[in-house]
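Residues per chain, in single letters:
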Amino acid sequence: MTAPRAFWLDEQVDRERGAHGRGRYETEVAGRLGEFAHTWGDIAPVAFAVTAWRVATTLSPGYVRWHRRIVSATCERSPWDGSLTCAVTLVSGWPAELTWTRQWQQDRGWRAWPQVFGQYVTPSERDLTRVPHLRANAGTGASSRRPASAAPGTAA
């Protein structure tokens, strides 16, 4: 049994929906070279990676796909040191303190994250005005740079 993956490239759909022997992502990048123009002279590949991520995730369906519990994933250049940072928002279950009894939910009919065909989605403004939602999520961030004091193969 394979472990679930957070992210993966959907190369099959990319090839199937491509044209003239080129993948969809390749065609999209070629058509949006202007968005990469500011990245060519940069010694660090961070700006290029940020732009490539944005292009790959804005295709429909995305070239980079993610687990159904991931609501959003963005990459940015850190204003602090210029490294690549990523922010991911994950759908989470309600904390145990809220699930041990369901009596508190009965007064207003609280709802968790809505799903469409198994994919978690953010409730619309209309949904929020009709029924209260308590959406538990976990945000996480990561940097691509290891602290200078950390030796390779050791914890920072």
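Scroll up to find the structure this text is about.
No experiment lies behind these values; they were computed from the predicted model shown.

A. Main features of unusual backbone geometry. Cis geometry is found at the peptide bond from serine 60 to proline 61, where omega equals -5°. Take proline 61: it is sitting in the loop between helix H4 (46-58) and strand E2 (64-66). Despite not being glycine, histidine 20 shows a phi value in the positive range, around 60°. For histidine 20, the location among the structural elements is in the loop between helix H1 (11-16) and helix H2 (24-31). Despite not being glycine, phenylalanine 117 shows a phi value in the positive range, around 50°.

B. View of the pattern of salt bridges. Enumeration over the complete set of coordinates arrives at seven salt bridges. For aspartate 10, the salt bridge is made with arginine 65, and the minimal N-O distance between the two is 2.6 Å. Of the two residues, aspartate 10 sits in the loop between strand E1 (7-9) and H1 while arginine 65 sits in strand E2, which places them 55 residues apart along the sequence. Overall, aspartate 10 belongs to the buried group, its relative accessible area being 13%. Residue arginine 65 is classed as partly exposed on the basis of its relative accessible area of 29%. Here arginine 22 ties to glutamate 26 by a salt bridge, and the two come within 3.5 Å at their closest N and O atoms.

Conventions and cut-offs
Residues numbered from 1 in each chain as written. Predicted model: local features only at pLDDT ≥ 70, side-chain atom pairs only at ≥ 80, totals over all residues. Heavy atoms only, no water. Helix = DSSP H or I, 4+ residues; strand = E, 2+ residues; numbered from the N terminus. Salt bridge = Lys/Arg side-chain N within 4 Å of Asp/Glu carboxyl O. Buried < 20%, exposed > 50% of the residue type's maximum accessible area, 1.4 Å probe, protein only.

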